[in-house]
Amino acid sequence: GTKVFYADLVTIQMEEVEGHDALEDAVPTSPKTSAGPRFGPPKKAYLCVGQSSLCLLASSMSRRLQAFNGQVDYAWMEKVAVDASSRTKFLVALSLSKVKASLSSFYKGPSQFIVESDDRD
């Protein structure tokens with residue numbers, strides 16, 4: 001098992017990827033634009049900080065999220081960007097090639113997600 005150092009109930013918005021419902025919510029979203037990545041609707045989830053990865057659990061804590069099989073290895077992270085216009089939001093951007101190397105070369109899920117936490121600092 002993974003040793004957890006910290007857990008927080010947060011709001012997560014996954015990058016939308018055609019044909020992939022990372023948060024299993026199947027909520028229709030706005031049409032595509034060329035303005036950059038789109039993010040799905042916000043969903044409550046637990047973000048757990050472990051020794052070598054983040055774990056993403058459903059708000060009921062009964063299962064891992066579908067995205068990344070519920071686990072984001074720190075080695076996959078390219079950057080974490082703080083939203084300067086907000087006291088609560090940050091973006092986690094992953095290396096898609098590292099995610100594919102770990103999960104599957106056929107992986108077609110999100111490569112970034114937004115987290116909103118009252119305990120960001």
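About the criteria used
- Residues numbered from 1 in each chain as written.
- Predicted model: local features only at pLDDT ≥ 70, side-chain atom pairs only at ≥ 80, totals over all residues.
- Heavy atoms only, no water.
- Pairing = 2+ DSSP bridges.
- Helix = DSSP H or I, 4+ residues; strand = E, 2+ residues; numbered from the N terminus.
- Buried < 20%, exposed > 50% of the residue type's maximum accessible area, 1.4 Å probe, protein only.
- Core = buried A, V, L, I, M, F, W, Y, C linked by side-chain atoms within 4.5 Å.
- Salt bridge = Lys/Arg side-chain N within 4 Å of Asp/Glu carboxyl O.
- Phe/Tyr/Trp six-rings, centres within 6.5 Å; stacked < 30°, edge-to-face > 60°.

Enquirer: Looking at this model, I keep getting lost on the pairing of strand 5 (residues 77–82). Mind explaining?
Expert: Across a regular strand the side chains alternate sides, sitting on one face of the sheet and then on the other. Bridging between strand 5 and strand 6 (residues 89–94) involves 5 bridges; their strand directions are antiparallel. Bridge pairing links Lys-79 to Ala-93 in strand 6. Between the end of strand 5 and the start of strand 6, which pair antiparallel, lie 6 residues.

Enquirer: Can you walk me through unusual backbone geometry in this structure?
Expert: A positive phi angle is found at Met-61, which is not glycine, with a value near 60°. Position of Met-61 among the secondary structure elements: in the loop between strand 3 (53–58) and strand 4 (71–73).

Enquirer: In this structure, what is going on with the pairing of strand 6? I would like to understand it.
Expert: Among the 6 residues of strand 6, 5 are classified as buried, and the element is accordingly described as predominantly covered. The sheet contact formed by strand 6 and strand 7 (residues 112–116) spans 5 bridges and is antiparallel. In the strand pairing of strand 7, Val-92 is matched with Phe-113.

Enquirer: Before we go on, may I ask you to explain the nonpolar core in this structure?
Expert: Generally speaking, a soluble globular protein has its nonpolar side chains buried in company with each other. Grouped together as the largest cluster of nonpolar side chains are 20 residues, with contacts concentrated most on Ile-12, Leu-56, Phe-68, Val-72, Leu-94 and Phe-113. Among the secondary structure elements, those contributing two or more residues to this core are strand 1 (4–14), strand 2 (43–50), strand 3, strand 6 and strand 7.

Enquirer: How do you make sense of the environment of Pro-41 when you look at a structure like this?
Expert: Considering the arrangement of structural elements, one finds Pro-41 in the loop between strand 1 and strand 2. Judged by relative accessible area, Pro-41 falls into the partly exposed class, the value being 25%. With 27 residues separating them in the primary sequence, Pro-41 and Met-14 have C-alpha atoms 7.9 Å apart.

Enquirer: How should I be thinking about the pattern of salt bridges in this particular structure?
Expert: Think of it this way: side chains of opposite charge can pair up when their charged atoms draw near. Overall, the coordinates contain 1 salt bridge when judged by the stated rule. When the shortest N-O distance is used, the salt bridge between Glu-16 and Arg-38 registers 2.8 Å. Here the residue Glu-16 occupies a position in the loop between strand 1 and strand 2, and Arg-38 occupies one in the loop between strand 1 and strand 2, the gap between them amounting to 22 residues. The class for Glu-16 is partly exposed, based on a relative accessible area of 22%.

Enquirer: What's the story with the packing of aromatic side chains in this structure? I'm lost.
Expert: When we look at a pair of aromatic rings, we describe it by the centre distance and by the angle of the planes. One pass over the full model with this rule turns up 3 aromatic pairs. Judged by centre distance (5.9 Å) and plane angle (45°), the rings of Phe-68 and Phe-113 are tilted. With a gap of 45 residues between them, Phe-68 in the loop between strand 3 and strand 4 and Phe-113 in strand 7 connect regions that are remote in the sequence. For the pair formed by Phe-68 and Phe-113, the shared burial category is buried. One aromatic cluster is present, built from ring pairs that chain together Phe-68, Trp-76, Tyr-107 and Phe-113.

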